[in-house]
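These are the residues of each chain, in order.
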Amino acid sequence: MSTADGTVIGTTQIFGSAPRNRAFNVVLLADGFRQAEQAAFDSACAAFLTAFRGTPPYDELSPAINVFRVNVSSTDSGADDPAAAGGTGATANTYFDATFGGNNIRRLLICNNSTALQVAAAQVPEFTVVLVVVNSTIYGGSGGTIGTYSLAGGATEIALHEMGHTAYGLADEYPYYAGGNETGHDTYSGGEPTQPNVTANSNRNTLKWRWAVASATQVPTMSNPDCAHVDSRASPVAAGTVGLFEGAFYFHCGAFRPEYDCKMRNLGVPFCRICRQVIWNRISPLATLQGRARTPINVVARYPEHLDVFGVANDGRTMSNWWDQNSGWAGWFQLAGGIASPGGAGSPITAIARYAGHLDIFTVGTDNRVYSAWWDVSSGWSAWFPIGNLQCRPGSTVNVVARYSDHLDLFTTASDGRVMSTWWDARTGWANWFHVLGGVAAAGATVTAIARYPFHLDLFTVGTDNRVYSAWWDERAGWNGWFRPGDLTCRPNSTVNVVARFPDQLDLFTTASDGRIMSTWWNARGGWGTWFQVSNGVASAGSAVTAITRYSNHLDLFVVGTDNRIYSTWWHDPGGWASWFNVSGGVSQTGGQVSALSRVTEHIDVFTVGSDGIVYSTWWDGATGWAGWFQLAIT
Amino acid sequence: MDSAQEQPRASAIRLIFEYEGDEVRLVSQQPVDMVVTGFDLTQVPHPGHYVESRDAGGEPLNRVPVREAFEASAEVFPEQPGEPITRIDVPEPRGAFTVVVPAAADAARVVLLQVLPEADPRAARPSGPATSPTAGEPQVVELAAFPLETTTEEPQSR
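Residues numbered from 1 in each chain as written. Chains lettered and ligands numbered in written order. Predicted model: local features only at pLDDT ≥ 70, side-chain atom pairs only at ≥ 80, totals over all residues.

**What to know about the overall build of chain A**
Phase 1: Each helix and strand in chain A was counted, giving 4 helices and 42 strands.
Phase 2: Here chain A holds 635 residues, and 51% of them are scored as buried.
Phase 3: Across chain A, every contact between residues at least 6 apart in sequence was considered, and the portion connecting residues at least 24 apart equals 52%. (Helix = DSSP H or I, 4+ residues; strand = E, 2+ residues; numbered from the N terminus. Buried ≥ 20, exposed ≤ 12 C-beta atoms within 10 Å, placed from the backbone. Contact = placed C-beta atoms within 7 Å.)

Right, here's the structure in full:
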């Protein structure tokens, strides 16, 4: 009974088109199927595929999943079924030596794991998980580094449960070891389990899945009143409620699971919310991101060798990816289950790094309230939390400025267009939202802000008459404005972007009503300049003009043109404005947005949603010039 | 997009190990082009098994977790939905496992590590500096080391 008892026939990809080198690759191996029985293996693989793809969250992760069928013929049909374990006593010479009766338990169906891994590696070197399908209608299966299951009804559930262990490190959520009558499993007394779906921690504020627990849900949600026995009562809350349910990790008490039931607790039920998120977080980063076409991508460099990128998926999920010079791109992941408001151009995630080990992010949620979350190097990501009860325009942008590291100022538009602000200070926490000087923004306009000094803010927006307005705040004088820097008439949904090349200089960029790309400036010595068209440029309707400054005498602009191509120009003193040029052949969409950041002076990173809806990036380096566009995923 | 730049090709090595009781053998080393995630050395190692790549001087380069190997029990699944999944002790674990490690240019060998659970995770921690491991600190044990090359090698140490 060995590899002499059969032949590897060949490999067929039965699902997926993801690049193999960055995909979740499932390999199904045949055992106990003779040459003439290969069609039965093919059918079994098709049945697995149906079950697999029908199991959330796999049903939503298809772009990053491939499934391969490796046909292997065996000398005999079936598997060993030892009489000592209650079987028929049948023996079968098969390629992977499948046998029921492991550890004298008939249902424990095992095979030669090493052979299975080596065949899978030879056939699909990039495989992620291996499942051996055994040609027997006797119920059985097992887990471990590979999953094994038979053709008996429902055995695919074993494969899905075991993949939870092998591929994602999920723990068993059942509250017993040997069915519930065992001893020594009353109360868990070990440390905090490392697995993401069980915990010994009943503190709501530090619970590892606190982001998924609704504020109205009691924690613990269900406690076991008799730790000598498994708690077999019905759930006190609706199915799907995430909370803290006592009894998990082989113990009746002291260990908790996130939901009442889960596929890691019982076969035949869905994965719980937390396990679904863990699976999603493992597979999703392998895929590219389909972004909302007109929602800006935001990028922050906490330090020069690191980028944090924030985007919104086309279904509204709040997503992030990061790049580090040492490890490349990490892959996209969803931020604490967040969904951004779908209105307007779609609320972007705005982000700021008050210091190198901390991020604060903001968006408008589906209830049109402002939400925030933070990441700290010491504690990871927090859950999203609402900031006050302000109702925003659907799809509003929340712009944020840190005048100093312990302070944030936020700006957005209320549902009726009022320009609103609040602040957070490390000493006093969040303030209430307030209406800034009676200002009202045009429909779709954003409120941009800049802090030239720690004690000064400048605000810009487009008013209901489609003119550019500004206001300013100074620590000594308070709020002043609104006033019009010139008489430019804009598109109503224009963004007025602003950069300060040095503290006493502002450069403004926006689009006129006919799409012309316009700029003006303010200087402490000379006051406001006049609006002028930048190098005859015209922007796609709804596209903002992104500006960065790398030196005090240099500006770089990015925009989507009327042909939807991505254009750039620069200004340099001396020399003035260059002509617009297409960046590496890049094409976006009508109203698309281009984000740019310079983490070191001779380098620019650029991001956009391409014409195919996928998030792309490119870069410019002073030594090598412009690179080609690449799809942002995992390195 | 009109043009797309090829990402740098990921370079990795798939390792397949066999184990029986305390014996561990590296039976396959296979270069493979695929992304590897979760190899960050800065992460605090949780209890469990890991494969760590090291350079010729013994400096760790990356560390990947080993899942579902050396299990002291096996899961037995019910035939009928709703019946409990149970576990049964495995007297002497045996089997095989695979990991994919980044193919760092200066990687010379891989080491199989076991991070043991804290001796008493709820014990009070000492207030001053310690000169030896104290209760509450995970203990790291090297189980085996193998040179990184294309041929199969026996363990150098245990």
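Here the narrative resumes.
**A look at the interface of chain B and chain A**
Phase 1: Contacts between chain B and chain A engage 44 residues on the former and 54 residues on the latter.
Phase 2: Of all the secondary structure elements, the ones that give two or more residues to the side of chain B that touches chain A are β1 (12-20), β2 (23-32), β5 (73-76), β6 (86-89) and β7 (94-102) of chain B.
Phase 3: Grouping the constituent residues of the side of chain B that touches chain A by class yields 22 nonpolar, 11 polar and 11 charged. (Nonpolar A, V, L, I, M, F, W, Y, C, P; charged D, E, K, R; others polar.)

**Re the environment of Ile-349 of chain A**
Residue and element names in this part refer to chain A.
Phase 1: Along the polypeptide, Ile-349 turns up in the loop between β13 (333-339) and β14 (350-355).
Phase 2: Given 26 C-beta atoms within a 10 Å radius, Ile-349 is considered buried.
Phase 3: Non-local contacts of Ile-349, meaning those with residues more than four positions away in its chain, are made with Asn-298, Phe-310, Val-312, Thr-318, Ala-340, Ile-361 and Thr-363.

**Overview of the nonpolar core**
Phase 1: Residues Leu-29, Val-132 and Val-133 of chain A are the most contacted members of the largest nonpolar core, which totals 214 residues.
Phase 2: When neighbours within four sequence positions are excluded, Leu-29 of chain A is seen to be in contact with Val-70, Val-72, Phe-96, Ala-116, Val-119, Ala-120, Val-130, Val-132 and Val-133 of chain A. (Core = buried A, V, L, I, M, F, W, Y, C linked by C-beta atoms within 7 Å.)

**Regarding the pairing of strand β34 (residues 554-560) of chain A**
Residue and element names in this part refer to chain A.
Phase 1: Where burial is concerned, most of β34 is hidden: 6 out of the 7 residues are buried.
Phase 2: The pairing of strand β33 (residues 546-551) with β34 spans 4 bridges and is classified as antiparallel. Within the sheet, the bridge partner assigned to Ile-548 lies in β34 and is Asp-556.
Phase 3: The turn linking β33 back onto β34 is made up of 2 residues.
Phase 4: Pairing between β34 and strand β35 (residues 565-572): 7 bridges, direction antiparallel. In the strand pairing of β35, Phe-558 is matched with Ser-568.
Phase 5: The hairpin formed by β34 and β35 contains 4 residues between the paired strands, and Asn-564 there has a positive phi angle of roughly 65°. (Pairing = 2+ DSSP bridges.)

**Topic: helix α3 (residues 156-168) of chain A**
All names here are of chain A.
Phase 1: The end-to-end C-alpha distance of α3, which contains 13 residues, comes to 18 Å, matching closely the 18 Å that a straight helix rising 1.5 Å per residue would cover.
Phase 2: At Glu-162, α3 is deflected by roughly 25°, the largest bend along its length.
Phase 3: Most of α3 sits out of view: 12 of its 13 residues are buried.
Phase 4: What α3 keeps buried is the set Thr-156, Glu-157, Ile-158, Ala-159, Leu-160, His-161, Glu-162, Met-163, Gly-164, His-165, Thr-166 and Tyr-168.
Phase 5: Close packing links the buried residues of α3 with α1 (38-53), β4 (129-134), β5 (141-142), β6 (147-150) and α4 (273-283).
Phase 6: Note on α3: the residue one or two positions beyond its end, Gly-169, has a positive phi of about 70°. (Expected span 1.5 Å × (residues − 1). Bend = angle between axes of the 7 residues up to and from the residue.)

**Looking at the sheet that holds β6 of chain A**
All names here are of chain A.
Phase 1: Overall, mixed pairing links the 6 strands, which are arranged β1-β3-β2-β4-β6-β5 in an open sheet. Strands at the two margins of the open sheet, each flanked by one partner only, are β1 (6-15) and β5.
Phase 2: Note: β1 against strand β3 (residues 65-74), 8 bridges, orientation antiparallel. By the bridge assignment for β3, Gln-13 is matched with Phe-68.
Phase 3: Against the sheet, α1 makes contact with β1, β2 (24-31), β3 and β4, and its axis sits at roughly 155° relative to β3, the strand it touches most. (Axes fitted to C-alpha atoms, helices over the stretch in contact; angles between N-to-C directions.)

**A few points about the sheet that holds strand β25 (residues 456-462) of chain A**
All names here are of chain A.
Phase 1: Reading across the sheet, the 4 strands line up as β24-β25-β26-β27 and stay open at both edges, with antiparallel pairing between neighbours. If you trace the sheet from one side to the other, it starts and ends with β24 (448-453) and β27 (478-483), each paired once. Each strand of the sheet is rotated relative to its neighbour by a mean of 20°, with strand direction disregarded.
Phase 2: Where strand β26 (residues 468-474) lies against β27, 5 bridges are found, and the strand directions are antiparallel.

**Notes on the packing of α1 of chain A against α3 of chain A**
Think of two packed helices as two axes; the pair is described by the angle between the axes and how far apart they sit.
Residue and element names in this part refer to chain A.
Phase 1: Two elements in contact, α1 and α3, have axes separated by 10 Å at closest approach and are oriented at 55°. Classified by the interaxial angle, the pair formed by α1 and α3 is oblique. Judged by the twist between their axes, the crossing of α1 over α3 is right-handed. Note on element contacts: α3 touches α1 through Thr-156, Ala-159 and Leu-160, opposite Ala-47, Phe-48, Ala-51 and Phe-52.
Phase 2: Grouping the constituent residues of the contact of α1 with α3 by class yields 6 nonpolar, 1 polar and no charged. (Parallel < 35°, antiparallel > 145°, perpendicular 65-115°, else oblique. Left-handed = near helix turned anticlockwise from the far one by under 90°.)

**Focus: helix α2 (residues 113-123) of chain A**
Phase 1: Burial analysis of α2 of chain A places 8 of its 11 residues in the buried class, the great majority of the element.
Phase 2: Those residues of α2 of chain A lying buried are Asn-113, Ser-114, Thr-115, Ala-116, Leu-117, Val-119, Ala-120 and Ala-121 of chain A.

**Re the environment of Thr-295 of chain A**
Residues and elements named next belong to chain A.
Phase 1: Take Thr-295: it is sitting in the loop between α4 and β9 (298-303).
Phase 2: Accessibility expressed as a C-beta count within 10 Å gives 26 for Thr-295, which makes it buried.
Phase 3: For the pair Thr-295 and Gly-592, spaced 297 residues apart in sequence, the C-alpha to C-alpha distance is 7.4 Å.
Phase 4: The contact partners of Thr-295, leaving out residues within four places of it in the chain, are Val-312, Ala-345, Gly-346 and Pro-348.

**Some points on the pairing of β26 of chain A**
Successive side chains on a regular strand alternate, one facing one side of the sheet and the next facing the other.
Residues and elements named next belong to chain A.
Phase 1: Taken across its 7 residues, β26 has 6 buried, putting it largely inside the fold.
Phase 2: Pairing of β25 with β26, which is carried by 7 bridges, proceeds in the antiparallel orientation. Across the sheet, the residue bridging to Phe-460 is Ser-470, located in β26.
Phase 3: Here β25 hands over to β26 after 5 residues, with Asn-466 in that stretch at a positive phi of 65°.
Phase 4: Connecting β26 to the next strand, β27, in antiparallel fashion are 3 residues.

**Let's talk about the environment of Ile-604 of chain A**
Residues and elements named next belong to chain A.
Phase 1: Mapped onto the fold, Ile-604 is located in strand β39 (residues 603-609).
Phase 2: Ile-604 sits in the buried class, given 22 other C-beta atoms within 10 Å.
Phase 3: Taking the C-alpha atoms as reference points, Ile-604 and Trp-626, 22 residues apart in sequence, are found 9.1 Å from one another.
Phase 4: Non-local contacts of Ile-604, meaning those with residues more than four positions away in its chain, are made with Ile-548, Asp-556, Ala-596, Ser-598, Trp-619 and Trp-620.

**What about the packing of α3 of chain A against α4 of chain A?**
Residues and elements named next belong to chain A.
Phase 1: Orientation of α3 relative to α4, taken along the N-to-C sense of each, is 50°, at an axis distance of 11 Å. Considered as vectors, α3 and α4 are oriented oblique to each other. Considering the relative orientation of α3 and α4, their crossing is left-handed. Judged by residue contacts, Gly-164, Ala-167 and Tyr-168 of α3 engage Cys-275, Val-278, Ile-279 and Arg-282 from α4.
Phase 2: Its residues placed into classes, the contact of α3 with α4 shows 5 nonpolar, 1 polar and 1 charged.

**Some thoughts on unusual backbone geometry**
All names here are of chain A.
Phase 1: The omega torsion of the bond from Pro-56 to Pro-57 falls at 10°, within 30 degrees of zero and hence cis.
Phase 2: Here Pro-57 is to be found in the loop between α1 and β3.
Phase 3: A cis geometry characterises the amide bond from Val-219 onward to Pro-220, with omega recorded as -10°.
Phase 4: For Pro-220, the location among the structural elements is in the loop between α3 and β7 (245-248).
Phase 5: A positive phi angle, near 60°, is found at Phe-249, a position not held by glycine.

**Side note on the confidence of the model for chain A**
Any segment with low pLDDT has predicted coordinates that should not be analysed in fine detail.
Phase 1: On average, residues of chain A score 93 in pLDDT, and 100% of them are at 70 or above.
Phase 2: The least confident element of chain A, judged by mean pLDDT, is strand β12 (residues 328-329) of chain A at 84; the most confident is β7 of chain A at 98. (pLDDT = per-residue confidence, 0-100.)

**Some details on the confidence of the model for chain B**
Phase 1: Within chain B, residue pLDDT values average 76, and 68% of them lie at 70 or more.
Phase 2: Low pLDDT, under 50, characterises residues 1-10 of chain B; the predicted model gives this stretch 29 contacts beyond four residues in sequence or across chains.

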